[in-house]
Amino acid sequence: MSNATFFKRGKIILFGDSITQQSFSATDGGWGACIADRYQRRADILNRGFSGYNTEWFLRYAATAQGRADLFEHDEVKLVTIFFGANDASDSDLNKRQHVPLGDYKSNIIKIVSLVKNNFGNDVKIILITPPPVCHEGRLKFQKDRYKEKATGKLERTLELSGAYAGAVNEVATELGLSLLDLWKEMQAAPPEYQPWQNFLSDGLHLSPSGNKFVGEALLRVIDNCLPELSVKPCSETGNINSGSTCAGVFRMAPWHDEINFKEPGKAFT
């Protein structure tokens, strides 16, 4: 009998804003659900995305008793993704409420990384994710559809601003030696079959079904390439997560069904 039954189920935690909160969406094929699918029987995926939040508000929540319990009172955490910036990168004049100055944003990302390590230990793996690019046409259409005649026609989020904040995340990843998923660059440089990249966004900012698929696949590639010990290899014959799947650092729970002898099933559970 494998020792796997004596291990607790692992956990992967997703920290972020609305793009993370919506990552379990059934209608949009959320990217978080893509990760959960890969880690069947191995890890619970905990969604800690907060719609509308910037890094400052997240840190304020993390400093409360409720926030500490919600975000950090978990064991067996193998991986944490940190995915903020879509709100922080708002124009400082047109969206003062959510805007966080670039220098403060970078400092806040570093603070969140420190909180993760302080609470889950230095061995926990971290992937930083940059804000995605912004489609100007999509944002203006969203504005007109939602606000009708009250639409200002001004862009409160832009491709240039999101790029600057993506650059700050790149800097943190380099300075701290962390894995990185640069969505701002990768989406715009997607292969021809995915273009135009603007189709990744449902309203110029949030992810469409194709955008969710792109993010899920891209995140799994980062895990495969940068964190091989956490990479789950599906069964080579079926492509499924079954007894033919492997992962060095995240153990599966309970015997696979084909490991159970129907004549003497008890042996598989002893």
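Just so it is clear, the structure is predicted and the values come from calculations on it, not from any experiment.

Asks: Break down the packing of helix α5 (residues 102-120) against helix α7 (residues 159-176) for me, citing the residues and quoting the values.
Replies: Two elements in contact, α5 and α7, have axes whose closest approach is 10 Å; the angle formed by their N-to-C orientations is 40°. One finds that α5 runs oblique with respect to α7. In the packing of α5 onto α7, the handedness of the crossing is right-handed. Where α5 approaches α7, its residues Leu102, Tyr105, Lys106, Ile109, Ile110 and Val113 are matched on the opposing element by Ala164, Tyr165, Ala168, Val169, Glu171, Val172, Glu175 and Leu176.

Asks: Before we move on, could you go through unusual backbone geometry and cite the residues and values that matter?
Replies: Most of the time, phi is negative for any residue but glycine, and the peptide bond is trans. Here the bond from Gln195 into Pro196 is cis, since omega is 0°, no more than 30 degrees from zero. Located in the positive-phi region is Arg41, a residue other than glycine, with phi close to 70°. Accessibility expressed as a relative area gives 28% for Arg41, which makes it partly exposed. Not every positive phi belongs to a glycine, and Ala254 is a case in point at roughly 70°. Locating Ala254 in the fold gives a position in the segment after α9 (209-226). The class for Ala254 is partly exposed, based on a relative accessible area of 33%.

Asks: Lay out the sheet that holds strand β4 (residues 125-129) with the relevant residues and their values.
Replies: Strand order in the open sheet formed by five strands is β2-β1-β3-β4-β5, and the pairing between neighbours is parallel. Each edge of the sheet is formed by a strand with only one pairing partner; in this case those strands are β2 (43-49) and β5 (179-181). Going across the sheet, the axis of each strand differs from the next one's by a mean of 20°, ignoring polarity. Bridge analysis of β4 against β5 gives three bridges, and the strand direction is parallel.

Asks: So what about the confidence of the model for the protein chain? Which residues, and what values?
Replies: Scored by pLDDT, the protein chain comes out at a mean of 95, with 98% of its residues at no less than 70. Note that residues 1-5 has pLDDT below 50 and, in this model, nine contacts with residues that lie over four places away or in other chains.

Asks: Summarise the nonpolar core; cite the residues concerned and give the values.
Replies: Of all hydrophobic cores here, the largest spans 38 residues; its most connected members are Ile12, Trp31, Ile35, Tyr39 and Ile127. Counting only elements with at least two residues in this core, the list comes to β1 (10-16), α2 (31-38), β2, β3 (77-83), β4, α8 (183-188) and α9. For this core, the element with the highest residue contribution is α9, accounting for seven residues. Look past the residues within four positions of Ile35 in its chain and what remains in contact with it is Ile12, Ile45, Gly216, Leu219 and Leu220.

Asks: With reference to specific residues and values, describe helix α6 (residues 136-147).
Replies: Owing to its 3.6 residues per turn, the α-helix aligns residues three or four sequence positions apart on the same side. Here α6 is twelve residues long and its end C-alpha atoms lie 16 Å apart, about the 16 Å a rise of 1.5 Å per residue gives. All buried positions along α6 are accounted for by Gly138, Arg139 and Gln143. With its buried residues spanning 135° around the axis, α6 presents them on a single face. The outward face of α6, more than 90 degrees from its buried face, is lined by the exposed residues Glu137, Lys141 and Lys144. Positive backbone phi, at 55°, marks Lys148, one or two positions downstream of α6.

Asks: Before we move on, could you go through the pattern of salt bridges and cite the residues and values that matter?
Replies: Going through the model one piece at a time under the given rule, you end up with 16 salt bridges. Where Lys106 meets Glu175, a salt bridge forms, and the shortest distance between an N and an O atom there is 2.9 Å. Here Glu175 lies in helix α7 and Lys106 lies in helix α5, a separation of 69 residues in the sequence. Two residues, Arg221 and Glu186, come together in a salt bridge whose shortest N-O distance is 3.9 Å. One end of the pair, Arg221, is in helix α9; the other, Glu186, is in helix α8, with 35 residues separating them in the sequence. Residue Arg221 is classed as partly exposed on the basis of its relative accessible area, which comes to 40%.

Conventions used here
Residues take numbers from 1 onward in each chain, read along the sequence in its written order. In view of the model being predicted, local features appear only for residues whose pLDDT reaches at least 70, and side-chain atom pairs are presented and counted only at 80 or more, with totals across whole chains, interfaces and linings using the full set of residues. With hydrogens and water excluded, all non-hydrogen atoms of the structure serve as input to the side-chain values. For helices, the fitted axis covers only the stretch in contact; all axes are lines through C-alpha atoms, and the angles between them, taken along N-to-C directions, range from 0 to 180 degrees. Strands here mean DSSP runs of E at least two residues long; helices mean DSSP runs of H or I at least four residues long; both are numbered from the N terminus. Reported orientations rely on four angle classes, namely roughly parallel under 35 degrees, roughly antiparallel over 145, roughly perpendicular from 65 to 115, and oblique for the rest. For any pair of crossing helices, the crossing counts as left-handed if the nearer helix is rotated counterclockwise from the farther one by less than a right angle, and right-handed if it is rotated clockwise. Contact criterion: two residues are considered in contact whenever any of their non-hydrogen atoms come within 4.5 Å of each other. Working definition: with a 1.4 Å probe on protein chains only, accessible area under 20% of the residue-type maximum means buried, over 50% means exposed, and in between means partly exposed. Here, any two strands with at least 2 DSSP bridges between them count as paired. For every residue, the predictor reports its confidence as pLDDT, a number between 0 and 100. Side-chain atoms within 4.5 Å link the members of a nonpolar core, which is a set of buried Ala, Val, Leu, Ile, Met, Phe, Trp, Tyr and Cys residues. Here the expected length of a helix is defined as 1.5 Å per residue gap, with one fewer gap than residues. The arc refers to the directions leading from the helix axis to the C-beta atoms. For salt bridges, the criterion is a side-chain nitrogen of Lys or Arg within 4 Å of an Asp or Glu carboxyl oxygen.

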